Amino acid sequence: MSRGTLSLERLNPLTTLTGAAAVAVITTAAGHWAFSLTVLGGLLALTARQARAAAVLRAAAAILLPFWTALLFMHGLFFPEGRTVLAELGPAAVTREGLLFALDAGLRTGVFVVAFLLFSFTVRVPELLTVLSARGLPPRLGFVVVSALTLLPAAADRIRRIRAAQEARGLVIGRSLASRLLAARLQAVPLVLSLVHESGERAQALDARGFSGRQPHTSLRTVPDSAPQWAARRVLLVLSLAAVAVRVALALFGGRA
Amino acid sequence: MASPSPQQPSLLLPEAPKRRRFLEILGAASIIVTYVVLVLTQPADIAAGPGSLAALAAMGGFLLGAVLLVVAVLPTLPTSTVVLIPIAMVLNIVLGQFVGSTLVPFYLDAIGTVLVAVLAGPAAGAATGALSSIVWSLFNPTVLPFAAGAALIGWLAGLAARAGVFRRFYLVPFAGFLAGVLGGVVSAPIAAFVFGGTSGLATGAIVSAFRAMGDSLLAAITKQALISDPADKAIVFAVAALLVYALPRRASFQFPFVRRYRVLAGREPQGREPAARA
C-alpha cells in the first residue's frame, strides 16, 4: 500500500491524528489566507506522495467545490460590511472585503478538510481504536466505530438487493413524488427491519462473550510507535497551544480577534 | 430475538456513576458555555476576515463537549442499545449523504439518531448523534464541529419520546419542529465562525438573501437555520416515527426504555404471540 518515504500509513495513528488537528488549529489561529494557501499547498504535496492520493483528492473536491461555490456566491455578491465596491449588479455588490472573506474562509476550510481526509484515508482504524482504548476511551467506542464502518458498505449492498427484490415484485419508480415516496418506504422499511433484527441477535452474541464486562480489555494488537514520533507529537501539541496563546494575546492586547 | 438479551446492569461489577455524571455535566456545560461565549463575543466587524478566535472556540468547545458526552454515556448503555448505534449511524450517513448533495435546503441526516433516541432514550440519542458526526467526519470532516448539535437533537428526541409524544403521531412533527429550532440555533455559530457560511447551495442562497437585507453573518445563518432546521427535523421525526411504528412490536418492546416510559401506544406483547404490526 505504501509508496515513497513520506507514507503516512506507516506512522502511529496518534501521530497522524495529532498532525491533522495541529495543522487545523495553527492555520485557524494564524487566520491569514496566504498562510492557509501555503499550508494547503504543503498538504497537497504530501497527499501526492500517498498511495491513496486520488481517493483523498476526489473526496476533498466533492466536499470543497460546492462549498467554495456557495462561499463565493454568498460573500462575493452580498457582503454588507464591504467598503470597496468593485462592481454593482442590481441589489448585489462585489466588494473587495467580501472576496477576501470568501478566500480566507474557503482556504481555511480547505486546509481543515484536506488535513483530516489525509488522516482518515491513511489511518488503519483498528490500530487507531487500539491506541485510543489504551489511553482511556471506552472499548465500546471501538465496537461502535468499526461496526459502523463495516455496516456501511453492507447496508448499501442490502439496499440494492432489497430494491431488486421489490422490483421483481412489481415496483416501478415513477417520476411523481407519491411514487418516489412509496418506493422509499418499500425500501427503507425492510432495510431498517432487517438491521434492527440483526442487532438483537448480535447483542445476545456479544453479551455471551462478555461484551458488557467493565474490567480492562486485553488487546492482541500492538501498534508500533517510536521515540521520534512521540517527540513530534509533543512538538505539535506545544506549537498548537502556542498558536492559540498568541491569538488570545493578540485579541486581548492588540484588538485582533 | 424473542427472548430479551441481558439488559440489566451487572450486580457483580462495580459502577462509577459519579464520575460519569460529572463527565456528562462537564460535556453539557462545555457546549452551553461555548455557545454563550460565542454569541456574546462574536466579532462585530468581519470585514477584516473570519474571526479565528471564535472559530477556535467553536471548534474546541463543541467538540470537547460532544466527546465528553460520548465517553460518559457509552459505558452505561445496555448491549442492545450499543449494537443499535452503528445502525443509526449508517442510516444517518446513507440518507444524509444522498440529500446533502441535492438542491433541497434540508439535510435529513438524523433519522437514525432519532430512531435510537425513541427506542433507547435521551442519553443513547445524544451519544448516537455525537458518534455519528465523528464517524461521518472520516468521509466529510466538515460535519465534525456539528457533533454537539447532533447530540442535542438526539437528546431532545429522547426527551420527547419519554414524554409520550410518539404515542400520538400528530404530535411528532411539532416536537421535531421545536428540536429543530434549538438545534439550528446551536449549529449556526459553527457554520458562521468555523466555515464562514453554509456548505449547501440552497442554504447558501437563503443566507445570501438575508445578507442582502443587511444582516450580520451570524444573524443571517441563524435565520437560515430557523427556516431549514425546524422543517427538516419535523420531517426527520415523522420518518423516524413511521419506521418505529413499522417495526414488529416484539422488536420495539425489547428496549427497556420503550417499556418503562410507555413510549409507544398499545400494550406490550405477551409471551410468543405473533407480532401485532409488521
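Residues numbered from 1 in each chain as written. Chains lettered and ligands numbered in written order. Predicted model: local features only at pLDDT ≥ 70, side-chain atom pairs only at ≥ 80, totals over all residues.

Visitor: How do you make sense of the overall build of chain A when you look at a structure like this?
Guide: Secondary structure summary: chain A contains 8 helices and 2 strands in total. In sequence order, the secondary structure elements of chain A are arranged as α-α-α-β-β-α-α-α-α-α. Its C-alpha atoms give chain A a radius of gyration of 24 Å, clearly above 18 Å, the size a compact globule of 257 residues would have. Counting only C-alpha atoms and orienting by the principal axes, one finds that chain A spans roughly 65 × 60 × 40 Å. Across chain A, contacts joining residues at least 24 apart in sequence account for 69% of those joining residues at least 6 apart. (Helix = DSSP H or I, 4+ residues; strand = E, 2+ residues; numbered from the N terminus. Rg over C-alpha atoms; globule rule 2.2 N^0.38 Å. Contact = placed C-beta atoms within 7 Å.)

Visitor: I keep staring at the overall build of chain B and nothing clicks. Help me out?
Guide: Helix and strand content of chain B: 12 helices and 0 strands. Traced from its N-terminal end to its C-terminal end, chain B shows the element sequence α-α-α-α-α-α-α-α-α-α-α-α. Counted over contacts in chain B with a minimum sequence separation of 6, partners at least 24 positions apart contribute 73%.

Visitor: What am I meant to see in the environment of Gly-204 of chain B here?
Guide: Mapped onto the elements, Gly-204 of chain B comes out in helix 9 (residues 201-212). Each C-alpha atom, one on Gly-204 of chain B and one on Gln-224 of chain B, is 8.6 Å from the other, the two residues being 20 residues apart in sequence.

Visitor: How do you make sense of helix 2 (residues 52-73) of chain B when you look at a structure like this?
Guide: Within an α-helix, residues lying three or four positions from one another point in the same direction, as the helix has 3.6 residues per turn. Helix length check: helix 2 of chain B, at 22 residues, gives a terminal C-alpha distance of 32 Å against a target of 32 Å (1.5 Å per residue), a fit within 8%. Burial analysis of helix 2 of chain B places 20 of its 22 residues in the buried class, which makes it a mostly covered element. (Expected span 1.5 Å × (residues − 1). Buried ≥ 20, exposed ≤ 12 C-beta atoms within 10 Å, placed from the backbone.)

Visitor: What is the right way to read the interface of chain B and chain A from this model?
Guide: Contact residues are listed per partner, giving 59 residues for chain B and 71 residues for chain A. Per element, the largest residue contribution to the side of chain B that touches chain A is 8 residues, and it comes from helix 4 (residues 84-100) of chain B. Residues of the side of chain B that touches chain A, tallied by class, amount to 38 nonpolar, 19 polar and 2 charged. (Nonpolar A, V, L, I, M, F, W, Y, C, P; charged D, E, K, R; others polar.)

Visitor: Explain the packing of helix 1 (residues 13-30) of chain A against helix 8 (residues 227-254) of chain A to me, please; I cannot follow it from the model alone.
Guide: Working note: a packed helix pair is described by the angle between its axes plus the distance between those axes. All names here are of chain A. Two elements in contact, helix 1 and helix 8, have axes separated by 9 Å at closest approach and are oriented at 20 degrees. One way to sum up the angle between helix 1 and helix 8 is to call them roughly parallel. The handedness of the crossing between helix 1 and helix 8 comes out as left-handed. Across the interface between the two elements, Leu-14, Thr-15, Thr-18, Gly-19, Ala-22, Val-25, Ile-26, Ala-29 and Ala-30 of helix 1 pack against Gln-229, Ala-232, Arg-233, Leu-236, Leu-237, Leu-239, Ser-240, Ala-243, Val-244, Val-246 and Arg-247 of helix 8. (Axes fitted to C-alpha atoms, helices over the stretch in contact; angles between N-to-C directions. Parallel < 35°, antiparallel > 145°, perpendicular 65-115°, else oblique. Left-handed = near helix turned anticlockwise from the far one by under 90°.)

Visitor: Quick question: what am I supposed to make of helix 1 (residues 17-40) of chain B here?
Guide: All names here are of chain B. Between the first and last C-alpha of helix 1 there are 34 Å, a value that for 24 residues agrees with the 34 Å anticipated at 1.5 Å per step. Here helix 1 has its buried residues at Gly-27, Ser-30, Ile-31, Thr-34, Tyr-35 and Leu-38. Buried residues along helix 1 sit in contact with helix 2, helix 7 (147-162) and helix 8 (172-194).

Visitor: Quick question: what am I supposed to make of unusual backbone geometry here?
Guide: Residues and elements named next belong to chain B. The residue Arg-262 is not glycine, and still its phi comes out positive at about 45 degrees. Here Arg-262 shows up in the segment after helix 12 (256-260). Its 13 C-beta neighbours within 10 Å are what place Arg-262 among the partly exposed residues.

Visitor: Which parts of the structure should I look at to understand the confidence of the model for chain A?
Guide: Close inspection of predicted coordinates is inappropriate in any region flagged by low pLDDT. Across chain A, the average pLDDT comes to 85, with 96% of residues at 70 or higher. Across chain A, the element-wise mean pLDDT spans from 79 in strand 1 (residues 85-89) of chain A up to 95 in helix 2 (residues 33-48) of chain A. (pLDDT = per-residue confidence, 0-100.)

Visitor: Any chance you could explain the confidence of the model for chain B here in plain terms?
Guide: Residue and element names in this part refer to chain B. Taken as a whole, chain B shows an average pLDDT of 82; of its residues, 83% reach a score of 70 or greater. Throughout residues 1-6 the model reports pLDDT below 50, and contacts reaching past four residues in sequence, or to other chains, amount to 15 contacts. Below pLDDT 50 for its whole length, residues 272-278 participates in 10 contacts with residues either more than four positions away or in separate chains.

Visitor: Help me understand the packing of helix 2 of chain B against helix 7 of chain B in this model?
Guide: Residues and elements named next belong to chain B. Put simply, helix 2 and helix 7 touch, their axes get as near as 8 Å, and they point 45 degrees apart. One finds that helix 2 runs oblique with respect to helix 7. Counting all contacts with helix 2, which are made through Phe-62, Leu-63, Gly-65, Ala-66 and Leu-69, the residues of helix 7 involved are Ala-147, Ala-148 and Ala-151. Of the residues contributing to the contact of helix 2 with helix 7, the split by class is 7 nonpolar, 1 polar and no charged.

Visitor: It is not clear to me how the environment of Val-186 of chain B should be interpreted in this structure. Could you clarify?
Guide: Residues and elements named next belong to chain B. Relative to the elements of secondary structure, Val-186 occurs in helix 8. The class of Val-186 is buried, set by 24 C-beta atoms lying within 10 Å. Once residues lying within four places of it in the same chain are set aside, the contact partners of Val-186 are Tyr-35, Ala-148, Gly-149 and Leu-152.

Visitor: Is there a simple way to think about the pairing of strand 1 of chain A in this case?
Guide: A regular strand places its side chains so that they alternate between the two faces of the sheet. All names here are of chain A. Little of strand 1 sits out of view: just 0 of its 5 residues are buried. Sheet topology places strand 1 next to strand 2 (residues 92-95); 4 bridges connect them, and they run antiparallel. Residue pairing for strand 2: Ala-87 is matched across the bridge by Val-94. Linkage of strand 1 to strand 2, two consecutive antiparallel strands, is achieved through a turn of 2 residues, within which Gly-90 is found at a positive phi near 65 degrees. (Pairing = 2+ DSSP bridges.)

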